[in-house]
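Below, each chain spelled out in residue letters.
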Amino acid sequence: MLDWEAAIANNATQPILVLRYEDIKETSERAMPLVKYRDAGGDTLLVLEVDGYLYPKTPEEVVRGIKDVTIRDDDVMICAYPKSGTHWVWEITRCILSGTTDLVVAEKDELHLECIPNSTLETFASPRILNCHIWYRQLPGQFTQKNCKIIFVSRNPKDVAVSFFHHHKKLTQYYEYTGKWENYLPLFLNGQVDSGSWFEYMLDWEAAIANNATQPILVLRYEDIEENPQREVSKIARFLDKDCTAEFLSQVCDKCDFRNMKRTKGHIITSLDDKNDSVMYRKGQVGDWKNYFTVAQNEVFDRVFAEKMKQSSMKFKYEL
Ligand code: A3P
């Protein structure tokens, strides 16, 4: 630095522009429509708000470009509210479509619609396994026109809330959140998190699935895959028109088993927190919510659920 400082100071003719990382970051973030939701303890959670929808801090133009993403006939899309098992189902789908458990051509996060621009998505070979946490009505226009296959994954909202709490606390570079569980839970219930209200998200998808006449949509539950991976993995293979042997499907289950995925994928940079712990492969269990919810919090949650989901016929499993 001293060498450069002297060079800059003593230089009379060379054109040198001096920039600071912090200034560029501050200027670019000032231009972004970021919102800070304050919890009851005074801690804030930072999200991007575009046209009334909430996202993690990601380039606004990528989010605005989702509608116009170029879609191929054989694209498959994994859709899920965050923390519902997107990485897991993406990996299973990758193995089935490629017919092997070994060949890694891309990682899930490289094909995530909210974070990756169309120009980069276009560089991936077919068949692409795209994925997103957006509402049905936000999907790229061509995706619904072309009737591409969708795999929709749901998970019981209590485990989603706990998993999302850790996600928000650990990924400080995105959310800057340092709050406590008891103050976080109302933020989740109010939908003051990326992807918005879990309840509204699920109702949007439920209506889309019910009213849809032509789009092939496979609906899976996280808990069902935990309970009987072989059965659920064969459902995915059938849906994708892949004729797989029972032996191969069993290899897929082993390959995508939580411990195996944590070991092989847990180091991926986008899934690391600032202590180098994996955020995307945390516990991988059904019912971890019981370690967090007090009796009173559980009652509040059940009341909100009963009110908001009274029109819904979706069923969720809270334990195995
Ligand atoms: P927990 O935080 O409860 O452990 P998403 O991929 O949609 O972000 O979901 C992440 C959740 O799925 C995390 O839940 C993560 O541990 C769990 N998960 C990831 N891979 C899994 C696997 N192979 N088996 C079971 N759960 C998995």
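Please refer to the structure placed before this passage.
To keep things clear, this report deals only with the structure shown in the data block.

Rules and cut-offs
- Residues numbered from 1 in each chain as written.
- Predicted model: local features only at pLDDT ≥ 70, side-chain atom pairs only at ≥ 80, totals over all residues.
- Heavy atoms only, no water.
- Helix = DSSP H or I, 4+ residues; strand = E, 2+ residues; numbered from the N terminus.
- Rg over C-alpha atoms; globule rule 2.2 N^0.38 Å.
- Buried < 20%, exposed > 50% of the residue type's maximum accessible area, 1.4 Å probe, protein only.
- Axes fitted to C-alpha atoms, helices over the stretch in contact; angles between N-to-C directions.
- Parallel < 35°, antiparallel > 145°, perpendicular 65-115°, else oblique.
- Left-handed = near helix turned anticlockwise from the far one by under 90°.
- Contact = heavy atoms within 4.5 Å.
- Nonpolar A, V, L, I, M, F, W, Y, C, P; charged D, E, K, R; others polar.
- 1 Å grid on protein atoms, 1.4 Å probe; cavity = no way out; pocket = protein on both sides within 12 Å on 5 of 7 lines; lining within 4 Å.
- Points joined across faces, edges and corners; volume = space filled by probe spheres on them.
- Near = heavy atom within 4 Å.
- Polar contact = N/O pair within 3.5 Å; in protein donor to acceptor, adjacent residues only side chain to side chain.
- Areas by Shrake-Rupley, 256 points an atom, 1.4 Å probe, with all protein chains shown as cover.
- Pairing = 2+ DSSP bridges.
- Phe/Tyr/Trp six-rings, centres within 6.5 Å; stacked < 30°, edge-to-face > 60°.
- Lys NZ or Arg CZ within 6 Å of the ring centre and 35° of its normal.

What follows is about the overall build of the chain. The secondary structure content of the chain amounts to 15 helices and seven strands. In terms of overall size, the chain behaves like a compact globule, its C-alpha atoms giving a radius of gyration of 22 Å where 320 residues would be expected to give roughly 20 Å. Dimensions of the chain along its principal axes, counting C-alpha atoms only, are 75 × 50 × 40 Å. Counting every position in the chain, which comprises 320 residues, the buried fraction comes to 49%.

A word on the packing of helix 4 (residues 86–98) against helix 12 (residues 229–239). With their axes 10 Å apart at the nearest point, helix 4 and helix 12 run at an angle of 55 degrees to one another. Comparing their axes, helix 12 and helix 4 come out oblique. Between helix 4 and helix 12 the crossing geometry is right-handed. Contacts from Val89, Ile92, Thr93 and Ile96 of helix 4 reach helix 12 at Val233, Ile236 and Ala237. The residue makeup of the contact of helix 4 with helix 12, split by class, is six nonpolar, one polar and no charged.

Attention now goes to the layout of surface pockets. Roughly 240 Å³ of volume is contained in the second largest pocket. As for the second largest pocket, its lining consists of 14 residues, and the residues nearest its centre are Arg94, Val105, Ala125, Ser126 and Pro127. Across the lining of the second largest pocket, the residue classes break down as 10 nonpolar, two polar and two charged.

Turning our attention to unusual backbone geometry. Most of the time, phi is negative for any residue but glycine, and the peptide bond is trans. With omega at -5 degrees, the peptide bond leading from Ser126 into Pro127 counts as cis. In this structure, Pro127 sits in the loop between helix 5 (118–121) and strand 5 (129–132). Look at Glu176: it is not a glycine, yet its phi comes out positive at around 55 degrees. Structurally, Glu176 can be placed in the loop between helix 8 (172–175) and helix 9 (181–189). Here Glu176 falls in the partly exposed class, since its relative accessible area comes to 37%.

Before going further, it helps to spend a moment on the site of the ligand. Taken together, 19 residues lie around the ligand, and Thr86, His87, Ser163, Lys283 and Gly284 are the ones closest in. A distance of 3.2 Å separates an oxygen atom of the ligand from a polar atom in the backbone of Lys83. Contact distances for the ligand include 3.1 Å between an oxygen atom and a side-chain N or O atom of Arg155. Protein contact buries 99% of the 570 Å² of open area that the ligand shows by itself. The element that contributes the greatest number of residues to the shell around the ligand is helix 4, accounting for three residues. Counted by class, the shell around the ligand contains seven nonpolar, six polar and six charged residues.

Taking strand neighbours across the sheet as the criterion, the four strands line up as 5-4-6-7 in an open arrangement whose pairing is parallel. Two strands close off the open sheet at either side, each with one partner strand: strand 5 and strand 7 (217–221). Sheet twist, expressed as the average angle between the axes of neighbouring strands with direction ignored, equals 20 degrees. With four bridges connecting them, strand 4 (residues 76–80) and strand 5 associate as parallel partners. By the bridge assignment, Val76 is partnered in strand 5 with Ile129. Lying over the sheet, helix 10 (residues 198–211) contacts strand 4, strand 6 (149–154) and strand 7, oriented at roughly 140 degrees with respect to strand 6.

Following the sequence through the fold, Phe124 ends up in the loop between helix 5 and strand 5. Taking the relative accessible area as the measure of exposure, Phe124 reaches 15% and is therefore buried. With 94 residues separating them in the primary sequence, Phe124 and Leu218 have C-alpha atoms 24 Å apart. Residues contacting Phe124, with those up to four places away along its chain left out, are Arg72, Ala106, Glu110 and Leu111.

The two faces of a sheet get side chains in turn, since along a regular strand they alternate between them. Along strand 1 (residues 34–38), the buried face is formed by Val35 and Tyr37; none of Leu34, Lys36 and Arg38, which line the opposite face, is buried. Of the pairings in the sheet, the one linking strand 1 to strand 2 (residues 44–50) comprises five bridges and is antiparallel in character. Across the sheet, the residue bridging to Val35 is Val47, located in strand 2. Here strand 1 folds back onto strand 2 in antiparallel fashion, the turn holding five residues, of which Gly42 has a positive phi close to 90 degrees.

We now examine the packing of aromatic side chains. The geometry of an aromatic ring pair is captured by the separation of the ring centres together with the interplanar angle, meaning the angle of the planes. Within this structure, the stated rule accounts for 25 aromatic pairs. Aromatic pair Tyr53 and Trp135: ring centres 5.5 Å apart, planes at 70 degrees, arrangement edge-to-face. Here the residue Tyr53 occupies a position in strand 3 (residues 53–55), and Trp135 occupies one in the loop between strand 5 and helix 6 (141–145), the gap between them amounting to 82 residues. Residue classification places Trp135 among the buried residues on the basis of a relative accessible area of 9%. Between Tyr177 and Tyr184, the ring centres sit 5.9 Å apart and the planes meet at 50 degrees, which makes this aromatic pair tilted. In this pair, the class of Tyr177 matches that of Tyr184, namely buried. Here Lys149 stacks its cationic end above the ring of Phe239, 5.6 Å away from the centre of that ring. Here the basic side chain of Lys158 rests over the ring of Tyr318, its NZ or CZ set 4.8 Å away from the ring centre.

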